[in-house]
Amino acid sequence: MDVDPVVQVIGASVRFAGDIALDGVDFRMFAGEVHSLMGENGAGKSTLIKAMTGALRLDAGAVLLEGRDVDLSTPAAAQRAGISTVYQEIDLLPNLSVAENIMLGREPRRLGFIDWRRTREAAGQALSALGIDIDPASMLSSHRLATQQLIAIARAISTDVKVLVLDEPTSSLDQDEVDELFRVIRRLKSRGVAILFVSHFLEQVYEICDRITVLRNGVLVGEYVTTELLRLDLVQKMLGKATFDLEQMTTRAPSATPAAAREVKVSAQGISRRNDMLPTDLDIYEGELLGLAGLLGSGRTELARLLTGIDSLDGGRLMIDGVPRRFHEPRQALRHGIAYSSENRKSEGIIAQLSVRENITLALQAERGWFKPIPRNRQDELSASWIEALDIRPADPDRLAGLLSGGNQQKVLLARLLAVAPRLLVLDEPTRGIDVGAKVEIQRLVSELAIDGMTIVFISAELEEVLRISHRVIVLRDREIVAQFDPDEITIETLLTIVAKAEDGT
Amino acid sequence: MRKLLKHRILWPIGALLALVLLNAVSRPSFLSITVRDGELYGSLIDILRNSAPLMLVALGMTLVIATRGIDLSVGAQMAISGAVALTIISDSKTPGSLGTVAVAILAGVAITFIFGLWNGFLVSVVGIQPIIATLVLMLAGRGIALLITGGFITTITSAPYAQMSQGYLIGFPFAFFVSLGAILVISLVVRRTALGVLTESVGINPEASRLAGVRSRGIVWSVYGVSGLLAGVAGILYSSNIMAADANNAGINIELDAILAVVLGGTSLAGGKFTLAGTVVGVFIIQTLTSTITFLGVPPAVTPVFKALVVIVVCLAQSRRVREWLSRIRPTRTPTTTTTTPVVERIPA
C-alpha cells in the first residue's frame, strides 16, 4: 500500500515481572479499514491494545499516530490524540441518561455550568451519525445491552476519532444486533476511521475485516489480507500447531448406554418462571450429553438456571431420579449432584482474589460446611490433580484466579464443580470468550466426561459446537422448547433456520 | 501471596514502631516497665490494657468488613451491655459475689449478641444495606441503654466486676488477657475452620459464592452476631473501668476508631481478603497515638486531627499509586527496569 498507515507500532515490547508479554511486535492500521487482531489468550492482543490506547506503557518500541510520536501515556491522552476504545465489559453508567453517558467529561458548558440543551443536542448528533434512533434523554439502563454497546461506540466517536478499538464487541449480542453493529462499523469505515475489531468469532472476523494480524506468544506471526487467508490457515497460525487435529474436534462421545435402556435422570414437568420461562417439560436421560441451542434470551440460560436451583420455580416441579425436589438455593441442587457453571465467568464464577487452589476447593468446602475444613495437604493434592487433569496454566495453585486467562478461569470453574463429583453438570456457554485452543480442550473434556457416564447439559451460542458434541439437541425460542433433534439427522443450516425462525413463519 | 500479605502488614508495623520510637525519644520513661507487688506498670502496659475494648470491637469489625459490610452500632451496643450488667449488679443483694457478676456479664454479652444477630438478620435476610441496618441500632442503642438504667448513670461497687478492667493476672492487666483471648479464639476459628476462606469468598463475590453452594446468608448473619458479642464484652470492660453505666459516653465514636484500625491494618473496605494481624497492629497504632497525644498535652478536642494525620500517612504508604509514583521519581529511569519488582526489593527482609 502506498498510503501511510494511521497507526504504526514499531518493535513494541512489554514485560510483566519477568514474563514477556510482547516481544518486538510491529503492527499497523490504515484509515478506512477494519482490522482484526487474532491470537489465543496470552498471545499479547490485549497488551498491544492497551499500549495503543494508553492503558499501559511500552518497555521498548514506539507507537506512531499519523507518523508522529504522540503522547499516549494515559487513556485520556490517547483519546485526545484520536484513539478511542470500547471495552468488552461496557463501562457506561446505567443510572445516567444516554446523553450524559455519551458526553461524560466533555459536556458543553456555559458560565461554568453544564449546558444541558447543547449536551443533549451533541449526543443526539453522535447517535444519528451512527443511524441510531433513540432518545438521548432516556436512561441508559432502559436500553438493551446491544443498544448500550452502540451508545458506547457513539461515546467513543463523539470526539474526533481516528482509530476505534472494539474489544470483543459481539460477545453478548445476537445475530440481529451483530448486523446492526456491523452496519455502524461500515458507516464509520466509510468516514475513514480505522477500526480494530477484536473477536473470537471467526465468522464475524471474516465478514467484516479487511486485514488480519496474528500474534502468538507475544510475537508477530504475520499480517494478512482476509480474503487471501483460509480459515484453517488462520487457526493454524494462531495455535502454532502445524497439524491442528480437526479430526479430534469432530468426535462425539459414544453414549454410555444404549438410548433405549436409559433412565430419566431429571424430569422437568411444566416448570416455569415469570418473565423467564413458559411452562416447559423436559426429560434428561442418565449419561446423555444434551445440547441446548437458541439465541440470547431464548430461554436457554433461564432453563438451565431453573434446573439447577439458581432461580426458583414459579410453577411445575422437578423430579430427580423419580423423586420430586424443590430447590431454593444452588446449594440444595448441589447436594443432589446437580451443578451449574454460569455463562458469566467473572461475575458468577471465579472468585478473582482467591487462589486457584481456594477456587477449586470452594464448592467441596461449601458442601462439607464451615467446621470441616479440607486439610491443607488434601487441598494441595486436589488442586494439583485438577490442574494437571485440565491442564490449567500456569500450573500454580497459589496464583490468584483473577490473573488467569479466560480459558484457564473456565477450567478452574469446571474443576471446582467436578471436585464435588456431580451427576448432572449444566454448562452454560463454557467456551464463550476463550481462545480456540482452550475451546477445543473444553469440548474434548466435556465429551470425555460424557463417556465416563456423567449427564451433561451443554449450552452454546455456537450451533456448530452444539451439533458436534451433543447426543441430542433441544432448541429454545421465545422462552420455550420448540424442537428436538438427533444431531446426526440435521444440518447446521436447518438448525440455524429453526433457531432464528422469523415471525413470518418461513 | 504470602509475600504480599507480609508486605502489606509491614507498613502498619513500621508506623507503630515509629510511634513507639517517637515516644521513647521524647520521654524515656515511656519504655520503662516497673514491677510493683508482682504487677507490671508503665505506659506500654497501659496501652495493652486500654486498647482492649477497641481490640474486641475492631476484631468483629474486621469480619463484618470482610463480608462487604459495616457495623456502626458497636458503640451503642457497648452502652447496652454495660447498662444491662450494671443494672443487674446494682439490683442484686450481693453485688460483690462472683456469681452475680458472672450472671451480669453473661446477660450483658448475650443481649448484645442478640442485637448483633438482629443486625445480621436485617442485612442478610431482609437485604437492607449494612450501613443503614446498623445505623438503626447506632441511633436507638443508647436510648435502649438509658431505658435499662432508667435514665440514670448507674454506679456500683463490686470488687469482682472491677477486676475485669482494673485487675491483674500473673503480672499483666486482666483486660489484656481478654483481648488476647479474643484474638486467639477468632484467629483459630477463622483459620482452623473453613470460615475464613468462605467469608472472604462471600466478600469478594457473593453471587459466585452462592452458585458454588456457599451459605452466604449464614456467614453474613453470623459475623454481625460475633461483632455484637465482642462489642458486648468491650462494653463490660469499659463499664468496669469506670464502674458506671454511662449510656451517653460508653464507646462513643468507637465504631470509627474500629473501622480506622481495620483499614490501617490493611483490610480493604471493599470486602474480601482480611487480615486479623493487621487489625491488631492497627488497634495498637491508634491506642499508642491516643496515649502520645495525651502525653504531649494536646487538648482532647484536637485529638482527631492527629489521628487524621497518621491515617493519611499510613494510607498514602499503602497506596499503590503513590508507591509507583515514588518509584518513578527515582533517578533510575531506564525503560527496561521499570517493572514492579524494585518496589518489592526495597522491603528489608
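Overview of the overall build of chain B
If you tally the helices and strands in chain B, you get 16 helices and six strands. Taken against the 2.2 N^0.38 rule, which gives 20 Å for 349 residues, the C-alpha radius of gyration of chain B at 21 Å falls within 12% of a compact globule. By its C-alpha atoms, chain B is 80 × 55 × 35 Å across when sized along the principal axes. About 16,100 Å² of surface is accessible on chain B, with carbon and sulfur atoms providing 70% of the total. In chain B, which carries 24 positive and 12 negative side-chain charges, the distance between the mean positions of the two groups comes to 12 Å.

With respect to the pairing of strand 20 (residues 455-459) of chain A
Residue and element names in this part refer to chain A. Of all five residues that make up strand 20, five are buried, and the element is covered over most of its length. Pairing of strand 15 (residues 289-293) with strand 20, which is carried by four bridges, proceeds in the parallel orientation. Across the sheet, the residue bridging to Gly 291 is Phe 458, located in strand 20. Alignment of strand 19 (residues 424-428) against strand 20, held across five bridges, turns out to be parallel. Looking across to strand 20, one finds that Val 426 is bridged to Val 457.

Focus on the interface of chain A and chain B
Contacts between the two partners involve 35 residues from chain A and, on the opposite side, 30 residues from chain B. Of the roughly 2,700 Å² buried between chain A and chain B on both sides combined, carbon and sulfur atoms contribute 63%. Put simply, chain A and chain B have two salt bridges between them. The salt bridge partner of Lys 273 of chain B is Glu 358 of chain A, with a shortest N-O separation of 3.9 Å. Where chain A packs against chain B, one counts five residue pairs in polar contact (both at pLDDT 80 or more).

A closer look at the packing of aromatic side chains
Residues and elements named next belong to chain B. If you walk through the whole model with that rule in mind, you get eight aromatic pairs over all chains. Aromatic pair Phe 172 and Phe 177: ring centres 6.4 Å apart, planes at 85°, arrangement edge-to-face. Each residue in the set Trp 118, Phe 121 and Trp 221 is aromatic and connected to the rest through ring pairs, giving one cluster. Between Arg 191 and the ring centre of Phe 274, over which it is positioned, the NZ or CZ distance is 4.8 Å.

Quick word on the pattern of salt bridges
Residue and element names in this part refer to chain A. Taken as a whole, this structure holds 29 salt bridges over all chains when the rule is applied. Where Lys 189 meets Asp 210, a salt bridge forms, and the shortest distance between an N and an O atom there is 3.2 Å. With Lys 189 in helix 6 (residues 175-190) and Asp 210 in the loop between helix 7 (202-208) and strand 11 (211-216), the pair connects residues that are 21 residues apart, well separated along the chain. Residue Lys 189 is classed as partly exposed on the basis of its relative accessible area, which comes to 26%. A cluster of three or more residues bridged by salt bridges with shared partners is formed by Arg 28, Glu 33, Arg 211 and Glu 223.

Things to note about the sheet that holds strand 6 (residues 83-86) of chain A
Hydrogen bonds along the backbone pair up the strands of a sheet, which may run parallel or antiparallel. All names here are of chain A. The six strands lie next to each other as 6-9-10-3-11-12, forming an open sheet whose pairing is mixed. Of all strands in the sheet, those with a lone pairing partner are strand 6 and strand 12 (219-225), marking the two edges. The sheet shows a mean angle of 20° between the axes of neighbouring strands, taken without regard to direction. Looking at chain direction, strand 3 (residues 34-38) and strand 10 (residues 194-198) are connected through three bridges and run parallel. Residue pairing for strand 10: Ser 36 is matched across the bridge by Phe 197. Packed on one face of the sheet, helix 6 meets strand 3, strand 9 (163-167) and strand 10 and runs near 150° to strand 10.

Let's talk about the nonpolar core
Residues Leu 425 and Ile 456 of chain A together with Leu 59 and Tyr 161 of chain B are the most contacted members of the largest nonpolar core, which totals 118 residues. Residue contributions to this core peak at 12 residues, all from helix 3 (residues 52-66) of chain B. Not counting residues up to four positions away in its chain, the partners in contact with Leu 59 of chain B are Ala 182, Ile 183, Ile 186, Leu 230, Leu 276, Thr 279 and Val 280 of chain B. Among the nonpolar cores identified, the runner-up in size contains 50 residues, and Ile 153, Val 205, Val 214 and Val 436 of chain A belong to it.

Comments concerning helix 15 (residues 406-418) of chain A
The end-to-end C-alpha distance of helix 15 of chain A is 18 Å, a good match for the 18 Å that 13 residues give at a rise of 1.5 Å each. Counting buried positions along helix 15 of chain A gives 13 out of 13 residues, so the element sits mostly inside the fold.

A word on the side chain of Asn 119 of chain B
Residues and elements named next belong to chain B. For Asn 119, the position within the fold is in helix 5 (residues 98-126). Judged by its relative accessible area of 0%, Asn 119 is buried. Those residues in contact with Asn 119 that lie beyond four places of it in its chain are Asp 71, Ser 73, Gln 77, Ala 133, Thr 134, Leu 137 and Tyr 224.

A look at a nonpolar patch on the surface
All names here are of chain B. Together, Val 125, Val 126, Ile 128, Ile 131, Ile 132, Leu 135 and Leu 139 make up a nonpolar patch on the protein surface, roughly 560 Å² of accessible area in all. Contributing elements (two or more residues each) for the nonpolar patch: helix 5 and helix 6 (130-149). Considering every element that reaches the nonpolar patch, the biggest residue donor is helix 6, with four residues. When you line up the elements, Val 125 lands in helix 5. For Val 125, a relative accessible area of 33% puts it in the partly exposed group.

Here we look at the sheet that holds strand 17 (residues 323-325) of chain A
All names here are of chain A. The strand order 14-13-16-17 describes an open sheet built from four strands, whose pairing is antiparallel. The open sheet terminates on both sides in strands that have one partner only, identified here as strand 14 (277-285) and strand 17. Within this sheet the neighbouring strands show an average axis-to-axis angle of 20°, counted without direction. Of the strand pairs in this sheet, strand 16 (residues 315-320) and strand 17 are connected by three bridges, and their pairing is antiparallel.

Comments concerning the packing of helix 4 (residues 74-91) of chain B against helix 11 (residues 216-242) of chain B
All names here are of chain B. Following both chains from N to C, one finds helix 4 and helix 11 inclined at 60°, their axes separated by 7 Å at the closest point. Comparing their axes, helix 11 and helix 4 come out oblique. The handedness of the crossing between helix 4 and helix 11 comes out as right-handed. Facing Val 74, Gln 77, Met 78, Ser 81, Gly 82, Ala 85 and Leu 86 of helix 4, the residues of helix 11 in contact are Ser 227, Gly 228, Ala 231, Gly 232, Ala 234, Gly 235, Ile 236, Tyr 238 and Ser 239. The residue inventory of the contact of helix 4 with helix 11, partitioned by class, reads eight nonpolar, eight polar and no charged.

Things to note about the confidence of the model for chain A
With 91% of its residues at a pLDDT of at least 70, chain A reaches an overall mean of 84. In this model residues 242-248 of chain A is a low-confidence stretch, pLDDT under 50, and it forms nine contacts with partners more than four residues away in sequence or in other chains.

The rules we used
Residues numbered from 1 in each chain as written. Chains lettered and ligands numbered in written order. Predicted model: local features only at pLDDT ≥ 70, side-chain atom pairs only at ≥ 80, totals over all residues. Heavy atoms only, no water. Helix = DSSP H or I, 4+ residues; strand = E, 2+ residues; numbered from the N terminus. Rg over C-alpha atoms; globule rule 2.2 N^0.38 Å. Areas by Shrake-Rupley, 256 points an atom, 1.4 Å probe, with all protein chains shown as cover. Lys, Arg positive; Asp, Glu negative; His and termini not counted. Charge placed at Lys NZ, Arg CZ, Asp CG, Glu CD. Buried < 20%, exposed > 50% of the residue type's maximum accessible area, 1.4 Å probe, protein only. Pairing = 2+ DSSP bridges. Contact = heavy atoms within 4.5 Å. Buried area = accessible area lost by both parts, 1.4 Å probe. Salt bridge = Lys/Arg side-chain N within 4 Å of Asp/Glu carboxyl O. Polar contact = N/O pair within 3.5 Å; in protein donor to acceptor, adjacent residues only side chain to side chain. Phe/Tyr/Trp six-rings, centres within 6.5 Å; stacked < 30°, edge-to-face > 60°. Lys NZ or Arg CZ within 6 Å of the ring centre and 35° of its normal. Axes fitted to C-alpha atoms, helices over the stretch in contact; angles between N-to-C directions. Core = buried A, V, L, I, M, F, W, Y, C linked by side-chain atoms within 4.5 Å. Expected span 1.5 Å × (residues − 1). Patch = residues over 30% accessible without salt bridge, like charges linked within 9 Å, V, L, I, M, F, W, Y side chains within 5 Å. Parallel < 35°, antiparallel > 145°, perpendicular 65-115°, else oblique. Left-handed = near helix turned anticlockwise from the far one by under 90°. Nonpolar A, V, L, I, M, F, W, Y, C, P; charged D, E, K, R; others polar. pLDDT = per-residue confidence, 0-100.

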